[in-house]
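Coordinate inspection notes
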Amino acid sequence: MNKTLPKTGLSQKEILDILDSYSSQDPDYRNLKTWSLVYYLGEELTNFLLEAYKKFFSANGLNPMVFQSLKKMENEVIQMTANLLHGDDKVCGVMTAGGTESCMLAVKTYKELAKATKRGIKHPEMIIPETAHVAWEKGAYYFDIKVRHAPLDKNYKVDVQAVKKMITRNTVMLLGSAPEYPHGLIDPIEELGEVALQHQIPLHVDACVGGYLLPFVEKLGYDIPPFDFRVKGVTSMSADTHKYGFSAKGASTILYRNMDIMKHQFFVYENFPGGIFASPAMLGTRPGGSYAAAWASMMILGENGYMNIAKTIMETTRQLIDGIQSIEGLEIIGNPKAS
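Everything in this summary refers to the structure shown in the same document.

1. Section: the packing of helix α4 (residues 99–117) against helix α5 (residues 134–142)
With their axes 8 Å apart at the nearest point, α4 and α5 run at an angle of 45° to one another. Relative to α5, α4 is oriented oblique. For the pair α4 and α5, the crossing hand works out as right-handed. Between α4 and α5, the residues in contact are Thr 100, Cys 103, Met 104, Ala 106 and Val 107 and Ala 135, Trp 136, Lys 138, Gly 139, Ala 140 and Tyr 142, respectively. Classifying every residue of the contact of α4 with α5 gives 8 nonpolar, 2 polar and 1 charged.

As structure tokens, then:
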């Protein structure tokens with residue numbers, strides 16, 4: 001049956017009751033009955049983030065000159081994230097609506113960068129591991145870039161020697177994950193960085209899952225290989241605040257080593273009768289509430305809060321690994337460094 005507008009608006013209670021009935025079959029994420037889709041730290045934090053979100057519910061990040069509060073929060077989220085990922089004062093970036101947008105923006109940026117700096121690339125290509133998130137396939141589809149899938153080595157990480165052999169004059173970017181989604185393994189970012197520098201090709205690190213977890217896991221003393229801006233060949237990174245940053249959905253970040261790279265992400269149109277239109281990311285209207293919730297979650301948890309969460313996560317991970325390995329016929333794929 002087709003749904004139509006009610007002739008007369010329903011009461012608030014009626015609407016909320018209907019919403020409760022709609023959600024009655026959803027997974028019980030509050031009691032940890034989901035995997036990956038919801039990153040939940042309890043009702044106290046959730047209610048706090050709701051309050052932060054509500055303060056900027058109608059604020060629009062489309063024009064940073066209007067809602068300067070949003071620009072300030074965005075800048076501070078990017079600065080805090082850059083510091084976590086060992087970026088210097090030249091690292092810059094923006095908040096996005098989620099990891100998929102962050103990944104797609106990198107694809108767009110490196111296609112435009114190649115167009116501006118290399119002559120004759122009519123059929124751009126990107127080399128990504130077989131374990132790369134599907135968002136990269138989506139970005140390649142949207143921006144008409146050929147995907148070349150690099151195989152994995154015996155440890156289930158991307159085979160760097162294979163990546164080397166796949167590079168052509170049409171290669172506009174390389175990719176590594178920290179960690180990759182299927183197995184929780186960190187690709188050999190240092191080795192990929194060396195290849196990127198040798199061939200002068202941009203290297204993006206997809207840390208959408210690990211960006212707000214791995215830095216704290218490393219500080220706890222776990223053996224985490226360099227995966228961030230410490231690696232010279234890394235030119236950009238993505239990290240999702242709405243995953244292990246524990247902010248409201250949808251919110252992510254994309255960071256570039258400098259503005260000379262990031263400027264190729266921007267879209268500017270000058271001939272609109274309503275005036276110049278400029279957008280740093282994909283969305284026009286950008287919901288202010290997600291900025292506020294991301295900023296608020298980072299501020300209330302702080303380094304100690306994230307460290308405690310990382311400690312619990314890694315202890316739980318160790319228990320899961322030990323339990324699986326104790327069962328005959330089961331084994332862990334590779335040597336996961338993260339959750």
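2. A look at unusual backbone geometry
The amide bond that connects Ala 178 to the next residue, Pro 179, takes the cis arrangement and shows omega of -10°. Cis geometry is adopted by the peptide bond preceding Gly 250, which originates at Lys 249 and carries an omega value of -10°. Structurally, Gly 250 is set in the loop between β6 (234–239) and β7 (252–256). Even without glycine at this site, His 86 takes up a positive phi of about 60°. His 86 sits in the partly exposed class, given a relative accessible area of 40%.

3. A closer look at the sheet that holds strand β5 (residues 203–206)
Across the sheet, 7 strands lie side by side as β1-β7-β6-β5-β4-β2-β3; this open sheet has mixed pairing. Of all the strands in the sheet, just β1 (92–96) and β3 (146–150) have a single pairing partner and so form its edges. Strand-to-strand twist in this sheet, taken as the mean axis angle between neighbours without regard to direction, amounts to 20°. Two strands pair when backbone bridges link them, and β5 and β6 are joined in this way by 4 bridges, in the parallel orientation. Looking across to β6, one finds that Asp 206 is bridged to Ser 238. Lying over the sheet, α4 contacts β1, β2 (125–129), β4 (171–177), β5, β6 and β7, oriented at roughly 25° with respect to β7.

4. Some points on the layout of surface pockets
Its volume calculated, the largest pocket comes out at about 1,200 Å³. Along the walls of the largest pocket sit 30 residues, with Trp 35, Tyr 244, Ile 313, Thr 317 and Ser 339 positioned nearest its centre. By volume, the second largest pocket is sized at about 530 Å³. Every residue lining the second largest pocket is counted, 19 residues in all, and those nearest its centre are Thr 46, Leu 50, Ser 247, Ala 248 and Lys 249.

5. Overview of the side chain of Glu 74
Take Glu 74: it is sitting in helix α3 (residues 68–84). Since its relative accessible area comes to 2%, Glu 74 is described here as buried. A distance of 2.8 Å separates the side chain of Glu 74 from the backbone nitrogen of Met 95, its partner in a polar contact. Beyond its immediate chain neighbours, meaning those up to four positions away, Glu 74 contacts Val 94, Met 95, Arg 286 and Tyr 291.

6. Side note on the environment of Ala 114
Along the chain, the position of Ala 114 falls in helix α4. For Ala 114, the contacting residues outside a window of four places in its chain are Ile 121 and Val 172.

7. Things to note about the packing of helix α2 (residues 43–55) against helix α10 (residues 288–325)
For any two helices packed against each other, one specifies the crossing angle of their axes together with the interaxial distance. Packing of α2 against α10 brings their axes to within 8 Å, and their N-to-C directions diverge by 135°. Relative to α10, α2 is oriented oblique. Considering the relative orientation of α2 and α10, their crossing is right-handed. Of α10, the residues touching α2 (which contributes Leu 45, Phe 48, Leu 49, Ala 52 and Tyr 53) are Gly 289, Ser 290, Ala 292, Ala 293, Ala 296, Ser 297 and Ile 300. A class-by-class count of the residues in the contact of α2 with α10 yields 9 nonpolar, 3 polar and no charged.

8. Considering helix α7 (residues 189–199)
The complete set of buried residues in α7 reads Ile 189, Leu 192, Gly 193, Val 195 and Ala 196. For α7, the buried positions fall inside an angular range of 165° around the axis, keeping them on one side. In α7, the exposed residues that point more than 90 degrees away from the buried face are Glu 194 and Gln 198. Tucked inside the fold, the buried residues of α7 contact α6 (160–166), β4, β5 and β6.

9. Comments concerning empty space enclosed by the protein
Scanning the entire structure with this criterion turns up 1 cavity of 30 Å³ or more. Its boundaries defined by the atoms lining it, the largest cavity holds a volume of some 70 Å³. Every residue lining the largest cavity is listed: Met 95, Thr 96, Ala 97, Glu 101, Gly 250, Ala 281, Leu 283, Arg 286, Pro 287, Ser 290 and Tyr 291. Mapped onto the lining of the largest cavity, the elements with two or more residues apiece are β1 and α10. When grouped by side-chain class, the residues that make up the lining of the largest cavity number 6 nonpolar, 3 polar and 2 charged.

Rules and cut-offs
- Residues numbered from 1 in each chain as written.
- Predicted model: local features only at pLDDT ≥ 70, side-chain atom pairs only at ≥ 80, totals over all residues.
- Heavy atoms only, no water.
- Axes fitted to C-alpha atoms, helices over the stretch in contact; angles between N-to-C directions.
- Helix = DSSP H or I, 4+ residues; strand = E, 2+ residues; numbered from the N terminus.
- Parallel < 35°, antiparallel > 145°, perpendicular 65-115°, else oblique.
- Left-handed = near helix turned anticlockwise from the far one by under 90°.
- Contact = heavy atoms within 4.5 Å.
- Nonpolar A, V, L, I, M, F, W, Y, C, P; charged D, E, K, R; others polar.
- Buried < 20%, exposed > 50% of the residue type's maximum accessible area, 1.4 Å probe, protein only.
- Pairing = 2+ DSSP bridges.
- 1 Å grid on protein atoms, 1.4 Å probe; cavity = no way out; pocket = protein on both sides within 12 Å on 5 of 7 lines; lining within 4 Å.
- Points joined across faces, edges and corners; volume = space filled by probe spheres on them.
- Polar contact = N/O pair within 3.5 Å; in protein donor to acceptor, adjacent residues only side chain to side chain.
- Arc of directions from axis to C-beta.

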